[in-house]
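Working through the structure, step by step
Each chain is listed here by its residues.
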Amino acid sequence: LLDEGDDDRARALCAELGVRHFTRRGTAEWNLPKGPHKARTKHGNYNAWIAAHGEEYAFFASVDTDHVPLPNFLERMMGYFRDPDVAFVVGPQVYGNYTAPVTKAAESQQFLFHALIQRAGNRYRAPMFVGTNNVVRVAALRQIGGLRDSITEDMATGFELHRHRNPATGAYWRSVYTPDVLAVGEGPASWTDFFSQQMRWSRGTYETLLTQYWKAPFTMPWGRLFSYTLMLVYYPMTAVNWLLGIVSCVLFLCFGASGTQVTASVWLMLYSDAAALQVGLYLWNRRHNVS
């Protein structure tokens, strides 16, 4: 148990259950204002444990505290590490609390990433590192100095790993996405939770673009660079689309400016076809890509 607060009750529970207890509280070099050992952060907590005990372990498995792993979690993930160049294996992020409409909408948005984009990442041996549920090779993580200091430490760490080579084989570190549902968690149940989640992911994307991406053209295979580029520009391009949409509406409503002139019937015909195609593809993919 990586216990930030070094709680006496947590220690007692660990002793009762036979769980090893670890805390970085009171150790100055593991509680810094920034960097791999930044205080009061998930990556700082993990990195402190890796610094203290990483040499004792070959792998570590991680599941977010709002997720519950299924019994076959390790059995399904660990086999991929027979390949010495696999740095980490990730599974899909699946929500189990479908009581709120917001949660259903958030899951639908996530489906496209976890069921399709992550599978496409397997083509380049570089699906994104997702902190929800994963298994990581400790040696690969130690090679890059631990989990990255970022609000989305998982994505930043995966990006860094995919830039480096395995010293033992000379090949680039690779990763694997398995589509099996191996953990079920709690998704955002309100709009406040949803937008807080999206804000954090968006900020993390910009951090990676500004601080790490410039190194990739010189140190990452082109296929991986292409895959990561498409993923990293999602939030910036979404922002551009929203801004252009607002500007277009203002120009049309205030000045009557329009990029094209078509009758309402033609517009409705074209729009309904495009909308039907999008919905149809989405439903087909859900039917054929969800365990």
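Below or above, wherever it landed, is the structure these notes cover. (Residues numbered from 1 in each chain as written. Predicted model: local features only at pLDDT ≥ 70, side-chain atom pairs only at ≥ 80, totals over all residues. Heavy atoms only, no water.)

1. A look at the pairing of strand β3 (residues 86-90)
In the case of a regular strand, side chains alternate between the two sheet surfaces. Counted residue by residue, β3 has five buried out of five residues, so it is predominantly covered. By the bridge criterion, three bridges tie β3 to strand β5 (residues 133-137) in an arrangement that is antiparallel. Across the sheet, the residue bridging to valine 90 is asparagine 134, located in β5. (Buried < 20%, exposed > 50% of the residue type's maximum accessible area, 1.4 Å probe, protein only. Helix = DSSP H or I, 4+ residues; strand = E, 2+ residues; numbered from the N terminus. Pairing = 2+ DSSP bridges.)

2. Structural notes on the sheet that holds strand β4 (residues 94-95)
Taken in spatial order, the three strands line up as β2-β7-β4 in an open sheet, and their pairing is mixed. Taken across any chain shown, the strands that pair with only one partner, and hence form the sheet edges, are β2 (67-69) and β4. Summarising the sheet, β4 and strand β7 (residues 183-185) pair through two bridges and their orientation is parallel. Bridge pairing in β7 places valine 94 opposite valine 184.

3. What to know about empty space enclosed by the protein
In the structure shown here, the tally under the stated rule is one cavity of 30 Å³ or more. A volume near 80 Å³ is recorded for the largest cavity. Lining of the largest cavity is provided by Lys42, Tyr46, Phe60, Ser62, Phe129, Gly131, Asn134, Leu147, Glu153 and Asp154. When residues of the lining of the largest cavity are traced back to their parent elements, those giving at least two are α2 (42-53), β1 (59-63) and α6 (153-161). Considered class by class, the residues forming the lining of the largest cavity number four nonpolar, three polar and three charged. (1 Å grid on protein atoms, 1.4 Å probe; cavity = no way out; pocket = protein on both sides within 12 Å on 5 of 7 lines; lining within 4 Å. Points joined across faces, edges and corners; volume = space filled by probe spheres on them. Nonpolar A, V, L, I, M, F, W, Y, C, P; charged D, E, K, R; others polar.)

4. Focus: the pairing of β1
With burial as the criterion, only one face of β1 is covered, namely that bearing Phe60 and Ser62; the residues Phe59, Ala61 and Val63 on the opposite face remain uncovered. As defined by bridge partners, β1 adjoins β5 across five bridges and the pair is classed as antiparallel. Directly across from phenylalanine 59, in β5, lies its bridge partner arginine 137.

5. Description of the sheet that holds β1
Pairing is mixed across the open sheet formed by four strands, whose spatial order is β1-β5-β3-β6. The sheet is open, and its two edges are formed by β1 and β6 (174-177), each paired on a single side. Each neighbouring strand pair of the sheet contributes to a mean axis angle of 15°, computed without reference to strand direction. (Axes fitted to C-alpha atoms, helices over the stretch in contact; angles between N-to-C directions.)

6. Observations concerning the nonpolar core
Of all hydrophobic cores here, the largest spans 20 residues; its most connected members are Phe60, Ala87, Phe88, Phe129, Val136, Leu141 and Leu161. By residue number, the principal contributor to this core is α2, which donates four residues. Excluding its chain neighbours within four sequence positions, the residues that come into contact with leucine 141 are Ile50, Phe60, Val136, Gly146, Leu147, Thr157 and Leu161. Grouped together as the second largest cluster of nonpolar side chains are twelve residues, Ala216, Met220, Tyr228 and Met231 included. (Core = buried A, V, L, I, M, F, W, Y, C linked by side-chain atoms within 4.5 Å. Contact = heavy atoms within 4.5 Å.)

7. Side note on the packing of helix α4 (residues 101-123) against helix α7 (residues 191-211)
Remark: α4 packs on α7, axes separated minimally by 9 Å, with the N-to-C direction vectors making an angle of 25°. Taken as axis vectors, α4 and α7 run roughly parallel relative to one another. The two elements α4 and α7 cross, and the hand of that crossing is right-handed. Across from Val102, Ala106, Gln109 and Gln110 in α4, the residues of α7 making contact are Trp191, Phe194, Gln198 and Trp201. Looking at the contact of α4 with α7 residue by residue, the class counts come to five nonpolar, three polar and no charged. (Parallel < 35°, antiparallel > 145°, perpendicular 65-115°, else oblique. Left-handed = near helix turned anticlockwise from the far one by under 90°.)

8. What to know about the packing of α6 against α7
The interhelical angle for the contact between α6 and α7, taken along N-to-C directions, is 30°, at an axis separation of 9 Å. When the axes of α6 and α7 are compared, the pair comes out roughly parallel. The two elements α6 and α7 cross, and the hand of that crossing is right-handed. Across from Met155, Ala156 and Phe159 in α6, the residues of α7 making contact are Gly204, Thr205 and Thr208.

9. Focus: the side chain of asparagine 97
Within the element layout of this structure, asparagine 97 appears in the loop between β4 and α4. Judged by its relative accessible area of 16%, asparagine 97 falls in the buried class. At 2.8 Å, the side chain of asparagine 97 forms a polar contact with the backbone nitrogen of glycine 187. Setting aside residues no more than four positions away along its own chain, asparagine 97 makes contact with Thr103, Gly185, Glu186, Gly187 and Ala189. (Polar contact = N/O pair within 3.5 Å; in protein donor to acceptor, adjacent residues only side chain to side chain.)

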